[in-house]
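Inside the fold
Residue-level listing of the chains:
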Amino acid sequence: MINKKQKRSLKTEILLRLSIPLIFFISIESVLSYFVTLHHVDVAYDRWLLDSARSLTQEIKAQEGKVFVELPPAALEIFKWDESDKTYFKIISEEKGMLAGDKFVPEPFDIETDWSRPVYFDDEMYGEPVRVVSMLITPEHSSEKVFVHVAETLNKRRNMMMDILLADLVPQMTLVLLAGIYLVVGVKRGLQPLHALTDEIAQRSSRDLRPIPEQHVFLEVRALTDTINDLLERLGSAIATQQRFIANAAHQLRTPLAGLKLQVERAQREQDLPAMKPALMQIQGCADRMSHLTTQLLILARSEPIDGAYELRPVDLCKLTKETCMDWVPKALQRHMELSFEGLEQPVHVRGDEVLLRELLANLLDNAICYGHDQGNIIVKIESYPSTRLSVEDDGSGIPEIEMDKVFERFYRIPGSPGDGCGLGLAIVKEIADLHKARLELSSATATGGTRIELVFKES
Ligand SMILES: Nc1ncnc2c1ncn2[C@@H]1O[C@H](COP(=O)(O)OP(=O)(O)O)[C@@H](O)[C@H]1O
Ligand SMILES: [Mg+2]
């Protein structure tokens, strides 16, 4: 299931990460290019403005020390002629004041203006923004200072700015648009194999545990599919084990059930109670076997935690072993066996599950009593050095070396074994030992025979 809280998709994430810096850089570039263009447009038109001012200064004459301006209408026309902008001028003599032009033309306010060069500034005139150039000249044959101010509206400059910016921005925007479309399509196409993979997994039946095929899968996704494949494999083998177990269990239950049915039919054919008795005895035996088998199966199922984690708590192994041995003494006595316990004075703690550990020991004692000799000896021992270990030893006929691996398999019994066991005892012992991460060692107790099974706990 897709986590509903995680709304942002991988596609959005990639697109955001690519487009945000793209938009950011393009914005910065646009702002920079605006100011650079503005500067260059100003430099170009300021030069023209200065030319206009210089052409005006040609008309300032001096005669006998007196300064005057001679502006023929044609010259004035040429000066003012412009398609888009209005041009104003003002010529002021330091002594005589206004010589010609429009008195509203702005002048530089700054008293400390450096008049050795033309002065440019922005201002307003008749409510319109204007660019002004002011210069100071001293006409020939005169010592009088004359100021020339020329103002021009900004239409030309603005048009030029617009032209340049449009020529710059339109291709840029087209580029962004194209790059955007390419990104969206590219990311979508790039992620296509992931969708294909999702579809392939979604369409599977719950029984289909085949590994995900590796073709069309990116290297980055490979790690994920490998993990999933690994999980599928483990799941597959767990399911196979379960199925084998269920099949075996069903098979094992079928035999006593068939016996039970047979005996019940036999009992039903008899008329009086004494005649029924043998059948009833058989029924009781069958029921006992089934009850034992069911218990064993349930214990096996219990020792197989689904999630692989089992809660282990500190358990006093000495106390637990002693108590279990006490429970088994009567059964040992039935076969005139001696069951002895060699423990330690102080408690020996291991991390474990008490119920399962009792079951483990019960199975070992059951085997020792069942397969040991009459009047034999069973020794249960606990040692804490070099590591915690629990051993059960008998002096029976022992387990032949070639059977030693097989006896731990489920439902395996050595052919011809006495008793009515179902071959699950040692499988349970092994399962419980594994759960406690303890090592199981099976060996001959003595040179002449006997069985010794030892459980070695890991240091905790
Ligand atoms: N202490 C023992 N001495 C001799 N043989 C044993 C001993 N314990 C187990 N075995 C052999 O191992 C087989 C498997 O034991 P187990 O798994 O407990 O199954 P079950 O006791 O139900 O047959 C037994 O059938 C028996 O032949
Ligand atoms: Mg057994």
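Residues numbered from 1 in each chain as written. Chains lettered and ligands numbered in written order. Predicted model: local features only at pLDDT ≥ 70, side-chain atom pairs only at ≥ 80, totals over all residues. Heavy atoms only, no water.

What surrounds ligand 1 is a group of 17 residues, the closest being Y371, R413, S417, G423 and L426. Between ligand 1 and the protein, one listed contact pairs an oxygen atom with a side-chain N or O atom of N367 at 2.9 Å. A distance of 2.5 Å is found between an oxygen atom of ligand 1 and a side-chain nitrogen or oxygen belonging to R413. For ligand 1, the protein covers 95% of the area, taking 530 Å² as the surface of the free molecule. More than half of the atoms of ligand 1 fall within 2 Å of the grid points belonging to the largest pocket. For the shell around ligand 1, the elements supplying multiple residues, two or more each, are α7 (354-371) and α8 (425-435). Broken down by class, the residue content of the shell around ligand 1 amounts to eight nonpolar, seven polar and two charged. (Near = heavy atom within 4 Å. Polar contact = N/O pair within 3.5 Å; in protein donor to acceptor, adjacent residues only side chain to side chain. Areas by Shrake-Rupley, 256 points an atom, 1.4 Å probe, with all protein chains shown as cover. 1 Å grid on protein atoms, 1.4 Å probe; cavity = no way out; pocket = protein on both sides within 12 Å on 5 of 7 lines; lining within 4 Å. Sits in = over half its atoms within 2 Å of the grid points. Helix = DSSP H or I, 4+ residues; strand = E, 2+ residues; numbered from the N terminus. Nonpolar A, V, L, I, M, F, W, Y, C, P; charged D, E, K, R; others polar.)

So, on to the layout of surface pockets. By volume, the largest pocket is sized at about 1,000 Å³. In this structure, the largest pocket is lined by 43 residues; those nearest its centre are D366, N367, C370, Y371 and R413. Secondary structure elements with two or more residues in the lining of the largest pocket: α5 (273-302), α6 (317-334), α7, β12 (389-394), α8 and β14 (449-456). By residue number, the principal contributor to the lining of the largest pocket is α7, which donates ten residues. Its residues assigned to classes, the lining of the largest pocket comprises 19 nonpolar, 15 polar and nine charged. Each of domain 2 (219-302) and domain 3 (313-456) accounts for three or more of the residues forming the lining of the largest pocket. (Points joined across faces, edges and corners; volume = space filled by probe spheres on them. Domains from an automatic or database assignment.)

Counted by the stated rule, this structure contains zero disulfides. Take C286: it sits in no disulfide, and the sulfur closest to it among the cysteines is that of C422, at 14 Å. A relative accessible area of 5% means that C286 is categorised as buried. The structure places no disulfide on C325, whose sulfur is separated from the nearest cysteine sulfur, that of C318, by 10 Å. (Disulfide = S-S within 2.5 Å. Buried < 20%, exposed > 50% of the residue type's maximum accessible area, 1.4 Å probe, protein only.)

Let us now look at the nonpolar core. One finds L339, L365, I378, V380, L390, V392 and L424 to be the most contacted residues of the largest nonpolar core, which totals 49 residues. Looking at this core, the elements with two or more residues in it are α4 (219-269), α5, α6, α7, β11 (377-383), β12, α8 and β14. Tallying contributions element by element places α7 first for this core, with nine residues. If you count residues domain by domain, this core takes at least three from each of domain 2 (219-302) and domain 3 (313-456). Leaving out residues up to four positions away in the same chain, L424 has contacts with L293, Q296, L297, L300, R410 and F411. By size, the runner-up hydrophobic cluster in this structure holds 17 residues, among which are L50, F89, I91 and V148. (Core = buried A, V, L, I, M, F, W, Y, C linked by side-chain atoms within 4.5 Å. Contact = heavy atoms within 4.5 Å.)

Our next topic: the packing of α5 against α7. At a closest axis distance of 11 Å, the pairing of α5 and α7 adopts a crossing angle of 135°. When the axes of α5 and α7 are compared, the pair comes out oblique. For the pair α5 and α7, the sense of crossing is left-handed. Each of Q296, I299 and R302 in α5 lies in contact with α7, whose residues at this interface are V355, L356, E359 and N363. Split into classes, the residues belonging to the contact of α5 with α7 amount to three nonpolar, two polar and two charged. (Axes fitted to C-alpha atoms, helices over the stretch in contact; angles between N-to-C directions. Parallel < 35°, antiparallel > 145°, perpendicular 65-115°, else oblique. Left-handed = near helix turned anticlockwise from the far one by under 90°.)

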